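Breakdown of the fold
Spelled out from the first residue to the last, the chains are:
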Amino acid sequence: MFAAERRQLILEMVRANGAVSLRELARVVQTSEVTVRRDVRALEAEGLLDRRHGGAVLPGGFTRESGFPQKSHLSTAEKTAIADLAAGLVGEGEAIVVGAGTTTQELARRLARVPGLTVVTNSLLVAQALAHANRVEVVMTGGTLRGSNYALVGSGAEQSLQGLRVSRAFLSGSGLTAERGLSTSNMLSASVDRALVQAAAEVVVLADHTKLGSDTMFQTVPTELITRLVTDEPPGHDERAATELQALADQGVEITVAGPDAESAAGDAPPPGRQTRQDMPLPGQRRTQSGHGGPGGLGPQLRSAAAMGEGPVGRVADLRRR
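Right, let's walk through the structure included here. (Residues numbered from 1 in each chain as written. Predicted model: local features only at pLDDT ≥ 70, side-chain atom pairs only at ≥ 80, totals over all residues. Heavy atoms only, no water.)

In summary, the side chains of a regular strand alternate between the two faces of the sheet. Judged from the four bridges that link them, strand 4 (residues 95-98) and strand 5 (residues 117-121) form a sheet pairing that is parallel. Looking at the pairing, Ala 95 lines up with Thr 118 of strand 5. Where strand 4 meets strand 9 (residues 166-171), three bridges bridge the pair, whose relative direction is parallel. Within strand 9, the position partnered with Val 97 by the bridge is Ala 169. (Pairing = 2+ DSSP bridges. Helix = DSSP H or I, 4+ residues; strand = E, 2+ residues; numbered from the N terminus.)

Right, let's talk about the environment of Ala 157 for a bit. Its place among the elements puts Ala 157 in helix 8 (residues 155-160). Distance from Ala 157 to Thr 144, taken between C-alpha atoms, is 7.5 Å for residues 13 residues apart in sequence. Residues within four places of Ala 157 in sequence aside, it is in contact with Thr 141, Gly 142, Gly 143, Leu 152 and Val 192. (Contact = heavy atoms within 4.5 Å.)

Take the sheet that holds strand 3 (residues 55-57) next. In spatial order, the strands read 1-3-2; together these three strands make up an open sheet with antiparallel pairing. Every other strand in the sheet has two partners, leaving strand 1 (19-21) and strand 2 (50-52) as the edge strands with one partner each. Mean inter-strand twist for the sheet, computed between neighbouring axes without regard to direction, equals 25 degrees. As defined by bridge partners, strand 1 adjoins strand 3 across three bridges and the pair is classed as antiparallel. Residue pairing across strands places Ser 21 opposite Gly 55, the latter belonging to strand 3. (Axes fitted to C-alpha atoms, helices over the stretch in contact; angles between N-to-C directions.)

Helix 3 (residues 33-45) packs onto helix 2 (residues 22-29) with a crossing angle of 105 degrees between their chain directions and a minimal axis gap of 9 Å. Viewed along their axes, helix 2 and helix 3 adopt a mutual orientation that is roughly perpendicular. For the pair formed by helix 2 and helix 3, the contact residues are Leu 22, Arg 23, Leu 25, Ala 26 and Val 29 on the first element and Glu 33, Val 36, Arg 37 and Val 40 on the second. (Parallel < 35°, antiparallel > 145°, perpendicular 65-115°, else oblique.)

In total, this model carries 13 salt bridges according to the counting rule given. For Glu 78, the salt bridge goes to Arg 23, with nearest N and O atoms at 1.8 Å. Of this pair, Glu 78 sits in helix 5 (residues 76-87) while Arg 23 sits in helix 2, placing them 55 residues apart in sequence. A relative accessible area of 7% means that Glu 78 is categorised as buried. Via salt bridges that share partners, Asp 84, Glu 106, Arg 109 and Arg 110 belong to a single interconnected network. (Salt bridge = Lys/Arg side-chain N within 4 Å of Asp/Glu carboxyl O. Buried < 20%, exposed > 50% of the residue type's maximum accessible area, 1.4 Å probe, protein only.)

Grouped together as the largest cluster of nonpolar side chains are 27 residues, with contacts concentrated most on Leu 176, Val 205, Leu 229, Leu 248 and Ile 255. Looking at which element gives the most residues to this core, the answer is helix 10 (residues 239-250), with four residues. Excluding residues within four positions of it along the chain, Leu 176 makes contact with Gly 181, Leu 182, Val 205, Ala 207, Lys 211, Leu 212, Gly 213, Ser 214, Ile 226, Leu 229, Glu 244 and Leu 248. If you look at the next biggest cluster of nonpolar residues, it comprises 25 residues, including Ala 81, Val 98, Val 114 and Val 126. (Core = buried A, V, L, I, M, F, W, Y, C linked by side-chain atoms within 4.5 Å.)

Here it is as structure tokens:
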């Protein structure tokens, strides 16, 4: 495919979807991400699209939000890996809130196996994923249906969350930066997400690496309120995502990364199909206990998933060394 043909196809995909990741563009045009990045840069110079971290959006895409059909086809492998790890944070008999989004929908599919769980949500997709889980109680908020992401929003949704208290909130969004935290491009969605945060003792953000460094119009969760980020491992060339992870870590956000299978801390390979965990409690954490040091321990800055009682051990990565 000639460069002109590639760029026309890239432009058509962005126009159709609003936002497309570099990985997805490279797959469709059957070339490398390096080549696609060069094409996107050329199209941006012509004013035909805007570059965003890990992808491309329509000009003025700062306030543009893709609908569910488009989002559901973006970064699917990454969302699956993130959901697998996030589900391991939820224990039997807990009460949690789960916000709207395609990544939280993937999480909900895995939560169907947790007995005695209570899930409060404003997402029809999350509720649908749990509809046949007879050991899970689903509580829906009120509100007005927002068709683009099948979520209940507005004053009815916010009022139904008043007085609620749960252990954790699981949220996703359109962008995540260390400076502003989690953000979205819709005011009504942002307002409900803030109400979900107020109901939870801890906040877990689910965001694939393409969201890191992206900033959208409405802040939902400031960085200081984010307990943990569950994300996927950025490609080696993605310095912006690595820099943003470091900045989030420096502000005390605990980072859990779904990476490729690697040798565990004990030297054994993880079971097939399991995602690797890379957990790092960081200086200044606010709501979780710090790691344990002592002879033979990982020290105050590092601990494994097993030490946290959260499932299989993967390799423990100190993000500050990247």
